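Each chain, written out:
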Amino acid sequence: MDQALNQKIDAYIAENKEQLLQDIAALVAIDSVEGTPEEGAPFGAGPRAALDKTLELAAGMGLATRNCENYIGYAELAGADPEKYLATICHVDVVPVGNGWSQDPFKMQIQDGWMIGRGVADDKGPMVATLYALKFLKEEGVSLRYPIRAMVGDNEETHMNDVEYYLKNYPAPVFCFTPDAEFPVCNGEKGHFGAELVSPVCNGEIKEFEGGVANNAVPDRASALVETDITKLKNAPNITLEPEGNGVRIRGWGKSGHAAMPEGTVNAIGLVVNYLLDNGLCNDAERAYLEALKNELRNLMELNRRITAETTNLTNALRGNSKVQGDWGEMILETILDGSNLIK
């Protein structure tokens, strides 16, 4: 990238910084956790409101916009060859806020140089930044060979039904990337394991067991209601005991974090499972289920650890050797261009 262009970009960022931050804050202010489907809002009122706000911001920048039947949307900058288009995709839905916030998660604040608020990094901030990138190209009068669409997803955190709908009803881009990972690029993900471990009817001591708010976040609290005498129970780290009705509410207090990066987290469900097993608060059928749950948690943690190590080793190899990094980038670029019939 030449020095003159770098200077233009720096000047553009400085000129637009305050407005960009205000636009991110406006998007963060919308509680866009997936809700109950409604007419015109297939993923709930919150995600629909966030989609509308994003397209409003894009239109205010002079970009062409389209709402794809309220499932997804995009802002577009025209190109010479309309038969193909390039795309970015971000999402404006968020996971539940969880616990432990010291301030309103939907009121963005800047503290010590950090933006704080639900979605500032995942993925409302990058969404707004992408729109400003297209705005820069438009204002500079850059002539594009291919159109660029900045796609606005609103169901990424749960089911990806927004993308499924789009691909069923609209032509796919020939190349797409998402600014929803670490810079400079993420060319693969660990994957997502979704399953249900269902116990049989045990007719035992455990009357209730609950924990977690999202399947991609390590739960920081969980509880079980057990039919027992509280005076017979012993204290344990990160466990509290509360009398409730004819039994005891056993609460586990862990440390939350994104499930993709669980290092340093403490799974509260595991804490409660271990306490129940260690104190014999279960019959044989319940014990069998709890042991299975304990083993699955352990196996998933080990699998995540191994995958993390492998991806980190690859990242470090690319980051630490400019020759390898350059060769890798050139190979990926050539493969993408050839596979998409694009002209370099």
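Please read these numbers as outputs of a predicted model, since none were measured by experiment.

## Quick word on the side chain of E286
No. 1: One can find E286 in helix α6 (residues 284-320).
No. 2: Looking at E286, its side chain comes within polar contact range of the main-chain nitrogen of I206, at 3.0 Å.
No. 3: In contact with E286, other than residues within four places in its own chain, are C202, G204, E205, I206 and L281.

## Description of helix α4 (residues 161-169)
No. 1: For α4, every residue scored as buried is listed here: D162, V163, Y165 and Y166. For α4, the buried positions fall inside an angular range of 160° around the axis, keeping them on one side.
No. 2: Looking at the packing, one finds that the buried side of α4 touches β1 (64-68), β2 (72-77), β3 (86-91) and β6 (148-153).

## Overview of the packing of helix α1 (residues 3-28) against helix α2 (residues 45-60)
No. 1: Their axes nearest at 10 Å, the elements α1 and α2 cross at an angle of 160°. Here α1 lies roughly antiparallel to α2, going by the angle between them. Once α1 is placed against α2, the crossing between them reads as right-handed. The segment α1 lies against α2, with D23, A26 and L27 engaging A50, K53, T54 and L57.
No. 2: Residues belonging to the contact of α1 with α2 are distributed by class as follows: four nonpolar, one polar and two charged.

## Points about the sheet that holds strand β7 (residues 175-177)
No. 1: The strand order across the open sheet built from five strands is β1-β2-β6-β3-β7, with neighbouring strands paired in mixed fashion. Of all the strands in the sheet, the pair left with one neighbour each is β1 and β7. The mean angle between the axes of side-by-side strands here comes to 20°, regardless of whether they run parallel or antiparallel.
No. 2: Summarising the sheet, β2 and β6 pair through five bridges and their orientation is antiparallel. From the neighbouring strand, A75 faces β6, where its bridge partner is A150.
No. 3: Along the sheet, helix α3 (residues 124-140) makes contact with β2, β3 and β6, crossing β6 at roughly 160°.
No. 4: The strands that α4 touches are β1, β2, β3 and β6; relative to β2, the one it contacts most, it runs at about 60°.

## Structural notes on the sheet that holds strand β8 (residues 206-211)
No. 1: Taken together, four strands build an open sheet; the order of strands is β8-β10-β12-β11 and the sheet is antiparallel. Since the sheet does not close on itself, it has two edges, and those belong to β8 and β11 (239-244), each with one partner. When strand polarity is set aside, the average angle formed by the axes of neighbouring strands in this sheet is 15°.
No. 2: Across six bridges, strand β10 (residues 221-226) lies against strand β12 (residues 247-253) in antiparallel orientation.

Criteria and cut-off values
- Residues numbered from 1 in each chain as written.
- Predicted model: local features only at pLDDT ≥ 70, side-chain atom pairs only at ≥ 80, totals over all residues.
- Heavy atoms only, no water.
- Helix = DSSP H or I, 4+ residues; strand = E, 2+ residues; numbered from the N terminus.
- Polar contact = N/O pair within 3.5 Å; in protein donor to acceptor, adjacent residues only side chain to side chain.
- Contact = heavy atoms within 4.5 Å.
- Buried < 20%, exposed > 50% of the residue type's maximum accessible area, 1.4 Å probe, protein only.
- Arc of directions from axis to C-beta.
- Axes fitted to C-alpha atoms, helices over the stretch in contact; angles between N-to-C directions.
- Parallel < 35°, antiparallel > 145°, perpendicular 65-115°, else oblique.
- Left-handed = near helix turned anticlockwise from the far one by under 90°.
- Nonpolar A, V, L, I, M, F, W, Y, C, P; charged D, E, K, R; others polar.
- Pairing = 2+ DSSP bridges.

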